[in-house]
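# Report on the structure
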Amino acid sequence: MKNFVIVTVVFIISYSSTISVMGQTSARLSLTECVRLAVEHNPTLKQTELNLYRNEVNYKQAHYNRLPSLEGNIEHGYNEGRSVNATTNQFVNTSYYSGGQSLFLSAPIFNGFQILHDIRRRASAREAGKFEFESAVNELKLDVIEAYVLVLTAQDMLQQMEGQLAVTQENVDRMEVMQWEGAADPGDFYDLKGQLRTDQNLLETNKQVLYDRQLRLAALLNRTMEELPELEPLPFSIDQKRYSSDELYSTAMNVLPQFKALDWRIKEAQQQIKVTKSDYYPSLSLAASIQSRFSSIDESGFNYWQQFRNYPAKGVSLNLRIPIFNKMRVRTQVKLAKLDLDEVRWEREIRENALREETAKAVFSMKTLRENVNNLREQEQSYQEAFRIAQVHFDAGNSNSVIFLTAKNKLDNTRNALVIKQYEWIMQKYINDYYAGTLDL
C-alpha cells in the first residue's frame, strides 16, 4: 500500500506540472518569451530578413532608373614618336603629354515602358517579400512551440521514470532483506533486480532525450544550454474550438501569408513578361556632352586650365535604337518569362493542395487525440487499481514477480502514454490555431 501511495504522489506532481498556469514563477521562461527571443535573435530568421532590405533597395533603384545618367571622364597620357596632336589634329614627331576631359549626359525618353513595368515588378516583389518574411516568422514560431513542448514532455517523462524507479528500488530493497532471511523466492528477487536495471537504463535514456531537446530549443533562441532557464509549464484543457476540415482550409487560405506572397509573385511574373516584351519596341534617348583637350606642345602656349577653356566641344543628340533581328533572343526571353509565370501558378496550386491535406490531418488529429486522452485517463484509473491489488498480494506473498511487474508496467506505460498524448494535444492545438490565424504569441 505504501508503494501505491508513492506512485500516486509522483504522478500527481508530474501531472500538476503539466496543467499548471503559465506565469506563476518569474524565474521561468514562458513560451511567449521563447517565441519573442527567437524572433529577435534567431540567425536563420535574421538572414531571411535581409531579403526585405534587398527588395527595398531594388525597388528604389527601379525608380532611380528614370533619372538621367551623368558621367565624367579625364584621361592623360604620354606620347612618343609619330602621333596626332590633340589640339591641332596634325601629325607630330616628338614626345609630349596629352589629355582630355569630358562630361556625358544620357536620359531615357522611351524604351517600350520598360522602366515603368520594372517599377511595378519590383513593387510586387517587395510586397511578396514582406509576406514571405511573415511566413518565415510563423514557421519559426511553430518550431519554437514544438521544441518547447518536446522539452516539457521530456521533463515530465523523466519525472515519471524517476517515480517508477523509486517504486522498483523500494521493492528490491524489501525483497533483499527477505532474501537474506530466506522468506522470499529467489526468482522473484532477481526478477525485480533485473527490472531495476531496466528502469535505470530508461532513466538515462530519458536524460539524454531531455538534453537533446533542450539543445534544440536553445539553438532556436541562439543561446547556449547554460543560458536556458527552467521552462514554465503549459496549461492543458481538452476544450478547443472545433473546425471542420473545409472550414479550417478556407480560413487558412485567407489568413496564411504564404498564399498572399504567392499572389504577389504571380503579379511579379506578369510584370516580368511586360518588361521582357518592351525589347520589341524602339527606344529613344537624349544625349548631351561637353569635352576639351590638352597638349603639352600646343602652339598657343596656354597652360592646362587655359586650354580647357579654349577648346570646348559641346553636343546634343537624339539616339533611336530600332530592333530588327537579334537571333530570337527577345522572343525566347518572353517564352521563358511566361514559363516562370506558369511555374508560380502551379506552385500556388501545389501549396493549396498540400494545405488541404494538412488541415484535414490537423482536424482529424484533434479528434483522435481527444479520444486518446479520455481513454488513457480511464485506462490509468483501471490499471492504478489493478496495480494496487497486485502490490497487496505481492507484499502478502500470495503472488509472484511476474504478476506484480506486469501490473506495474501496464500502469507505467499508460501513464507515460497519457503524458505524451496530452502534450501532443497541446501541440496540435497550436497547429490548429496557426491554420485558423489565431496563433497569438
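These lines cover the structure that appears in this document, whether it is placed above or below. None of the values given here were measured: they were computed from a predicted structure.

### Points about the overall build of the protein
Within the protein one finds 10 helices and six strands. Taken over the C-alpha trace, the protein has a radius of gyration of 39 Å; the compact-globule value for 441 residues is 22 Å, which it surpasses by more than 25%. Judged by the C-alpha coordinates and their principal axes, the protein covers about 130 × 50 × 40 Å. Taken across its 441 residues, the protein has 40% of its residues classed as buried. Contacts spanning at least 24 positions in sequence make up 83% of the contacts within the protein whose residues lie at least 6 apart. Surface summary for the protein: the accessible area is close to 25000 Å², and the carbon and sulfur share equals 54%.

### So, helix H4 (residues 114–180)
The end-to-end C-alpha distance of H4 is 96 Å, a good match for the 99 Å that 67 residues give at a rise of 1.5 Å each. Once H4 finishes, Gly182 follows within two positions and takes phi at roughly 75°, a positive value.

### What about the sheet that holds strand E4 (residues 96–110)?
The four strands are arranged E1-E4-E5-E6 in an open sheet whose pairing can be described as antiparallel. Lying at the two open borders of the sheet, with one neighbouring strand each, are strand E1 (69–79) and strand E6 (313–321). Within this sheet the neighbouring strands show an average axis-to-axis angle of 20°, counted without direction. Two strands pair when backbone bridges link them, and E1 and E4 are joined in this way by 11 bridges, in the antiparallel orientation. Residue Glu75 lies in a different strand from E4, and its bridge partner there is Gly100.

### Comments concerning the packing of aromatic side chains
Tallied over the full model, the rule gives six aromatic pairs. Relative to Phe113, the ring of Phe110 lies with its centre 5.3 Å away and its plane at 85°, an arrangement referred to as edge-to-face. Note on Phe394 and Phe404: the rings are 4.7 Å apart at their centroids and 15° apart in plane angle, and the pair reads as stacked. Pair noted here: Phe394 is in helix H9 (residues 329–395) and Phe404 is in helix H10 (residues 401–436), with a separation of 10 residues, a long-range link. Here the two residues Phe394 and Phe404 agree in accessibility, since each one is buried. Taken together, Phe387, Phe394 and Phe404 form an aromatic cluster joined through their ring pairs.

### A look at the pattern of salt bridges
Applying the stated criterion across every chain yields a total of 23 salt bridges. Between Lys408 and Asp412 there is a salt bridge whose closest N-O contact spans 2.8 Å. One end of the pair is Lys408 and the other is Asp412, both in helix H10 and four residues apart, which spans about a single turn. Taking relative accessible area as the criterion, Asp412 reaches 6% and is therefore assigned buried. Connected through shared salt-bridge partners, Glu56, Arg126, Glu127 and Lys130 make up one network.

### Some points on a nonpolar patch on the surface
A contiguous nonpolar patch, built from Ile109, Phe110, Phe113, Leu116, Tyr280, Tyr281, Leu286, Val316 and Leu318 and spanning about 910 Å² of accessible area, is present on the exposed surface. Those elements giving two or more residues to the nonpolar patch turn out to be E4 and E6. Relative to the elements of secondary structure, Phe110 occurs in strand E4. Judged by its relative accessible area of 33%, Phe110 is partly exposed.

### Quick word on the environment of Gln160
Mapping Gln160 onto the fold places it in helix H4. It is 9.1 Å that separates the C-alpha atoms of Gln160 and Val419, two residues lying 259 residues apart in sequence.

### Structural notes on a positive patch on the surface
Taken together, Lys277, Arg331, Lys335 and Lys338 make up a surface patch of like positive charges. For the positive patch, the element with the highest residue contribution is H9, accounting for three residues. Mapped onto the elements of the fold, Lys335 is located in helix H9. What makes Lys335 partly exposed here is its relative accessible area of 46%.

### Here we look at the packing of helix H2 (residues 31–41) against helix H3 (residues 43–64)
Between H2 and H3, the least distance of the axes is 6 Å, while the angle of their chain directions is 50°. One way to sum up the angle between H2 and H3 is to call them oblique. Here Val39, Glu40 and His41 of H2 lie close against H3, whose contacting residues are Pro43, Leu45 and Lys46.

### Some thoughts on the pairing of strand E5 (residues 283–295)
Each regular strand shows side chains that alternate between the opposite faces of the sheet. Bridging between E4 and E5 involves 12 bridges; their strand directions are antiparallel. If you follow Ser102 over to E5, its bridge partner there is Gln291.

### What about the packing of H4 against H9?
Where H4 contacts H9, the two axes come as close as 13 Å, and the packing angle between them is 15°. By the angle class used here, H4 and H9 are roughly parallel. Classified by chirality, the crossing of H9 by H4 is left-handed. Within the contact between the two elements, H4 uses Val167, Asn171, Arg174 and Met175 and H9 uses Phe387, Gln391, Phe394 and Asp395. Residue composition of the contact of H4 with H9, by class: four nonpolar, two polar and two charged.

Definitions and cut-offs
- Residues numbered from 1 in each chain as written.
- Predicted model: local features only at pLDDT ≥ 70, side-chain atom pairs only at ≥ 80, totals over all residues.
- Heavy atoms only, no water.
- Helix = DSSP H or I, 4+ residues; strand = E, 2+ residues; numbered from the N terminus.
- Rg over C-alpha atoms; globule rule 2.2 N^0.38 Å.
- Buried < 20%, exposed > 50% of the residue type's maximum accessible area, 1.4 Å probe, protein only.
- Contact = heavy atoms within 4.5 Å.
- Areas by Shrake-Rupley, 256 points an atom, 1.4 Å probe, with all protein chains shown as cover.
- Expected span 1.5 Å × (residues − 1).
- Pairing = 2+ DSSP bridges.
- Axes fitted to C-alpha atoms, helices over the stretch in contact; angles between N-to-C directions.
- Phe/Tyr/Trp six-rings, centres within 6.5 Å; stacked < 30°, edge-to-face > 60°.
- Salt bridge = Lys/Arg side-chain N within 4 Å of Asp/Glu carboxyl O.
- Patch = residues over 30% accessible without salt bridge, like charges linked within 9 Å, V, L, I, M, F, W, Y side chains within 5 Å.
- Lys, Arg positive; Asp, Glu negative; His and termini not counted.
- Charge placed at Lys NZ, Arg CZ, Asp CG, Glu CD.
- Parallel < 35°, antiparallel > 145°, perpendicular 65-115°, else oblique.
- Left-handed = near helix turned anticlockwise from the far one by under 90°.
- Nonpolar A, V, L, I, M, F, W, Y, C, P; charged D, E, K, R; others polar.

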